[in-house]
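# Inside the fold
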Amino acid sequence: MDLETGNCWGSSKRDSWKNLLLLAYQSLGVVYGDLSISPLYVYKSTFAEDITHSDTNEEIFGVLSFVFWTLTLVPLFKYVFIVLRADDNGEGGTFALYSLICRHAKVSLLPNRQVADEELSTYKFECPPESKNSSRVKTFLEKNKNLHTALLLLVLLGTCMVIGDGVLTPAISVFTAVSGLELSMSKEHHEYAVVPITCLILVCLFALQHYGTHRLGFCFAPVVLTWLLCISALGLYNIIRWNPHVYQALSPYYMYKFLKKTRKGGWMSLGGILLCITGSEAMFADLGHFSYAAIQIAFTFLVYPALILAYMGQAAYLSQHHNNSTSYQIGFYVSVPESVRWPVLVVAILASVVGSQAIISGTFSIINQSQSLGCFPRVKVVHTSDKIHGQIYIPEINWMLMILCVAVAVGFRDTKHMGNASGLAVMTVMLVTTCLTSLVIILCWHKPPLVGLAFFLFFFSIEALYFSSSLIKFLDGAWLPILLALILMTIMFVWHYATIKKYEFDLHNKVSLDWLLALGPSLGIARVPGIGLVYTDLISGIPANFSRFVTNLPAFHRVIVFVCVKSVPVPHVPPAERYLVGRVGPSAHRSYRCIVRYGYRDVHQDVDSFESELIVRLADFIKLDGSHKFSTEMPRSGDLDEGGLAVIGASPFSRPDYDMDENPQAASVSIGFHTVESVGEVIEMEAVRAVGKRVRFMLDESQELESQVREELEELWEAQNSGIAFIMGHSHVQAKPGSSIFKRLAIDYGFNFLRRNCRGPEVALKVPAVSLLEVGMVYVV
């Protein structure tokens with residue numbers, strides 16, 4: 001996989017049809033697992049109780065017409081032809097849309113924004129010039145601060161519903177697939193067999209998550225392809241045998257007849273019909289692993305025709321079997337010939353597992369993105385593949401999802417309630433996508449506001465109709481995604497709100513540079529050997545936790561580095577552009593600032609020894625700062641503004657040499673520093689990914705270095721040998737006296753409870769416990 005773009009293949013390979021078709025084939029197992037298994041439960045959910053199937057077949061033909069046009073308008077027209085084009089450097093999903101909007105308009109609530117972030121190669125803007133009307137919309141959004149909060153809440157709502165779908169989709173898909181046993185055993189027996197078998201499959205599915213999908217991913221695409229061919233063949237068989245004229249029901253006129261006859265019952269049954277588009281959002285969310293053309297080809301030429309044939313086949317069968325059209329006999333398996341029912345059952349169960357796997361992996365990914373943007377408490381993120389970027393596993397979330405999935409299967413025990421719950425979650429995500437895409441059309445594509453409004457009104461009206469039919473079934477299962485969303489949104493908003501308040505407190509209580517430079521022997525302050533890494537959220541100034549540290553312990557290290565690990569609104573930050581390094585004060589003070597930037601899809605697990613790579617970057621900067629070109633062409637890095645920070649990246653002309661010792665105790669890397677002719681020719685020391693190996697730099701005696709530069713590099717080398725200490729704040733946050741009861745509940749109880757029971761920053765940043773120095777801080781916000 002191309003680690004910089006997050007795509008499975010390099011851009012040069014995508015030009016060939018062979019690789020494009022291969023990508024389209026591979027996308028079947030990842031993208032279309034959920035969407036392809038919807039024929040298992042759509043008709044059964046639709047005819048559950050709201051409407052009945054009469055001898056005139058108007059109901060079944062009306063449902064087929066609704067299914068056809070829903071599949072055509074939403075997945076095909078909306079997603080394949082419009083939404084997929086709203087990618088963020090090849091990435092899709094709710095956060096991709098939010099990221100695009102935040103880059104084109106100042107509506108983000110995230111702190112730590114820098115002008116230097118806009119120079120990232122992935123921080124690109126659209127080419128069309130901004131129109132006068134779109135600039136008015138942009139100005140209106142930027143001036144209204146309440147709209148910034150509303151936009152974030154909208155994004156969080158969509159995110160929470162995706163997580164809720166991660167609970168509901170595995171339950172309904174596996175339960176419905178296993179329910180095919182009802183035609184092979186008595187009703188008394190299958191009631192006691194379906195739920196236990198469903199729970200067993202779900203437990204096994206979640207128990208295998210820590211191995212990673214790459215180990216079984218090779219069989220996902222064949223399973224989904226087999227399933228699509230199977231339902232296509234069954235559809236053709238049923239059409240030819242039972243009702244060759246069923247194609248006439250594709251006319252929109254049958255939708256009118258259906259609603260006219262069924263009235264309120266038909267409107268409520270739309271909550272079952274909408275299940276035919278569950279999984280459509282995956283086409284956009286998983287865009288980063290494939291390409292727009294591959295997903296478009298797979299859906300247009302295989303998935304869409306297969307689904308249409310499957311639904312037409314079921315309708316053809318049901319139109320000739322009026323007497324058997326009870327809720328018990330109207331499911332998918334009743335239209336399967338008895339001679340092939342068992343093989344179809346096996347393939348359906350495998351396809352449901354693949355579809356469940358896709359939504360589980362998507363849930364892990366979106367929680368990792370939420371965590372990167374400061375909207376979710378810190379959890380353990382495990383990279384399950386060294387070769388495939390983006391495949392992650394989150395243990396805590398995995399077991400919570402498993403418990404909730406099993407609880408849904410045991411608690412509901414029928415497709416109707418699960419379908420109501422899943423339908424509401426799916427439509428909410430689609431409504432959020434419609435709203436955000438409308439803003440992207442205006443702000444990012446610079447189209448006239450009328451175009452964005454037309455897109456919004458057309459698709460929002462369709463999805464709102466389905467959403468209302470799901471919401472009316474609140475007591476029949478739709479309450480579950482709403483409850484899950486409320487809990488998750490409360491957690492995410494409280495965490496995000498408290499994180500911003502902490503940052504504002506740090507910003508208002510930071511210490512001046514003069515205070516730092518005044519510290520010395522005259523004040524009883526000693527400089528001890530070693531390197532001190534001071535972690536802070538600030539991108540400028542001296543953090544309050546460092547002043548607290550020096551006040552209580554009148555000594556600090558000979559080399560001080562203020563480290564800020566921040567997220568920027570781009571999906572990926574190339575490793576060559578990740579580090580911004582500069583000085584804090586004059587060079588003789590040996591104080592530096594390093595800002596480490598990550599995208600919202602990056603996993604913060606790039607190297608096994610972060611501090612070693614950081615020191616190598618410092619050495620690069622010292623060499624660069626000492627060059628004559630840097631001194632004349634760049635602002636002096638003694639300033640604290642962003643002009644004093646340099647991007648330390650890969651040199652296109654030279655590659656450092658490495659000597660690696662396999663002994664963890666005496667491991668070293670010898671690096672020869674090369675002459676830098678311009679600021680753009682900055683040297684990047686490649687990440688060393690060997691577990692248990694320590695990396696350090698050694699000066700090359702053959703090089704001609706200025707005496708000051710050589711002295712500074714030697715001091716850095718000696719300080720590294722003396723040891724590295726990690727200075728972090730151990731914070732307790734409390735609301736100001738007189739704050740509202742909601743703020744006190746959110747800060748004093750909600751945030752502090754989450755902080756105590758989730759992973760600390762030292763664990764997330766892999767700080768060695770023996771080298772950790774925690775400074776107690778009380779934040780009154």
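Because the structure is predicted, anything quoted here is derived from the model rather than measured.

## Things to note about the overall build of the chain
For the chain, the helix and strand inventory stands at 25 helices and nine strands. Across the 781 residues in the chain, those meeting the buried criterion constitute 58%. Across the chain, every contact between residues at least 6 apart in sequence was considered, and the portion connecting residues at least 24 apart equals 82%. Accessible surface for the chain amounts to roughly 31700 Å². Of this, 61% is attributable to carbon and sulfur atoms.

## Quick word on the pairing of strand E3 (residues 526-535)
The side chains of a regular strand alternate, first on one face of the sheet and then on the other. Bridge count between E3 and strand E4 (residues 555-567): eight bridges; the pairing is parallel. Directly across from Val-534, in E4, lies its bridge partner Phe-562. Across four bridges, the pairing between E3 and strand E8 (residues 724-734) is parallel. Opposite Leu-533, over in E8, you have Phe-726 as the bridge partner.

## Points about the environment of Tyr-393
Inspection of the secondary structure puts Tyr-393 in strand E2 (residues 392-393). Along the sequence, Tyr-393 and Gln-209 sit 184 residues apart, while their C-alpha atoms lie 6.9 Å from each other.

## A few points about the pattern of salt bridges
One pass over the full model with this rule turns up 14 salt bridges. In this structure, Arg-103 engages Asp-88 in a salt bridge whose closest nitrogen and oxygen atoms are separated by 2.8 Å. In this pair, Arg-103 is assigned in helix H5 (residues 94-104) and Asp-88 in the loop between helix H4 (58-80) and H5, connecting sequence segments 15 residues apart. Like Arg-103, the residue Asp-88 is buried in the burial classification.

## Here we look at the nonpolar core
Counting 167 residues, the largest nonpolar core has Tyr-32 and Trp-227 as the members making the most contacts within it. No other element matches the 18 residues that helix H13 (residues 292-319) contributes to this core. Sequence-distant contacts of Tyr-32, defined by excluding residues within four places in its chain, comprise Ser-27, Val-224, Met-283, Ile-295, Ala-298, Phe-299 and Val-303. The next biggest cluster of nonpolar side chains, apart from the first, holds 30 residues, and it includes Tyr-535, Val-581, Ala-619 and Ala-646.

## Description of the side chain of Ser-356
Secondary-structure assignment places Ser-356 in helix H14 (residues 341-372). A distance of 2.7 Å separates a polar atom in the side chain of Ser-356 from the backbone oxygen of Ser-352. Not counting the four nearest positions on each side in its chain, Ser-356 is found in contact with Thr-169, Pro-170, Ser-173, Val-174 and Leu-205.

## Regarding the sheet that holds strand E5 (residues 579-583)
If you trace the seven strands from one edge of the open sheet to the other, you get E7-E5-E6-E4-E3-E8-E9, paired in mixed fashion. The open sheet has two edge strands, strand E7 (645-648) and strand E9 (772-780), and neither has a second partner. Looking at each pair of strands side by side, their axes are set apart by 25° on average, direction ignored. Seen against the sheet, helix H21 (residues 610-626) touches E3, E4, E5, strand E6 (591-598), E7 and E8 and runs at an angle of roughly 55° to E5.

## Re the packing of H14 against helix H15 (residues 395-412)
The contact between H14 and H15 brings their axes to 11 Å, and the two run at 135°. Here H15 runs oblique to H14, going by the angle between their axes. With respect to the hand of their crossing, H14 and H15 are arranged in right-handed fashion. Along its contact with H14, which presents Thr-363, Phe-364 and Ile-367, the element H15 presents Ile-397, Asn-398 and Leu-401. Its residues assigned to classes, the contact of H14 with H15 shows four nonpolar, two polar and no charged.

## Observations concerning the pairing of E6
In terms of burial, E6 is largely enclosed, as eight of its eight residues are buried. With burial as the criterion, each face of E6 is covered, one bearing Ser-591, Arg-593, Ile-595 and Arg-597 and the other bearing Tyr-592, Cys-594, Val-596 and Tyr-598. Looking at chain direction, E4 and E6 are connected through eight bridges and run parallel. Each bridged residue has a counterpart across the sheet, and for Val-565 the counterpart in E6 is Val-596. In this structure, E5 lies alongside E6, joined through five bridges in antiparallel fashion. Across the sheet, Tyr-579 pairs through a bridge with Val-596, a residue of E6.

## Notes on the packing of aromatic side chains
Within this structure, the stated rule accounts for 25 aromatic pairs. Ring geometry for Tyr-535 and Phe-726: centres 6.3 Å apart, planes at 20°, overall stacked. Within this pair, whereas Tyr-535 is found in strand E3, its partner Phe-726 is found in strand E8, the two being separated by 191 residues in sequence. This pair shows no difference in class: Tyr-535 is buried, exactly as Phe-726 is. Each ring, one from Phe-546 and one from Phe-556, has its centre 5.7 Å from the other, and the planes form 75°; the classification is edge-to-face. Linking Phe-546 in helix H20 (residues 544-552) with Phe-556 in strand E4, this pair joins segments that are 10 residues apart in sequence. The buried category is assigned to Phe-546, whose relative accessible area is 0%. In this structure Phe-556 comes out as buried when scored by relative accessible area, which is 1%.

Thresholds, definitions, all that
Residues numbered from 1 in each chain as written. Predicted model: local features only at pLDDT ≥ 70, side-chain atom pairs only at ≥ 80, totals over all residues. Heavy atoms only, no water. Helix = DSSP H or I, 4+ residues; strand = E, 2+ residues; numbered from the N terminus. Buried < 20%, exposed > 50% of the residue type's maximum accessible area, 1.4 Å probe, protein only. Contact = heavy atoms within 4.5 Å. Areas by Shrake-Rupley, 256 points an atom, 1.4 Å probe, with all protein chains shown as cover. Pairing = 2+ DSSP bridges. Salt bridge = Lys/Arg side-chain N within 4 Å of Asp/Glu carboxyl O. Core = buried A, V, L, I, M, F, W, Y, C linked by side-chain atoms within 4.5 Å. Polar contact = N/O pair within 3.5 Å; in protein donor to acceptor, adjacent residues only side chain to side chain. Axes fitted to C-alpha atoms, helices over the stretch in contact; angles between N-to-C directions. Parallel < 35°, antiparallel > 145°, perpendicular 65-115°, else oblique. Left-handed = near helix turned anticlockwise from the far one by under 90°. Nonpolar A, V, L, I, M, F, W, Y, C, P; charged D, E, K, R; others polar. Phe/Tyr/Trp six-rings, centres within 6.5 Å; stacked < 30°, edge-to-face > 60°.

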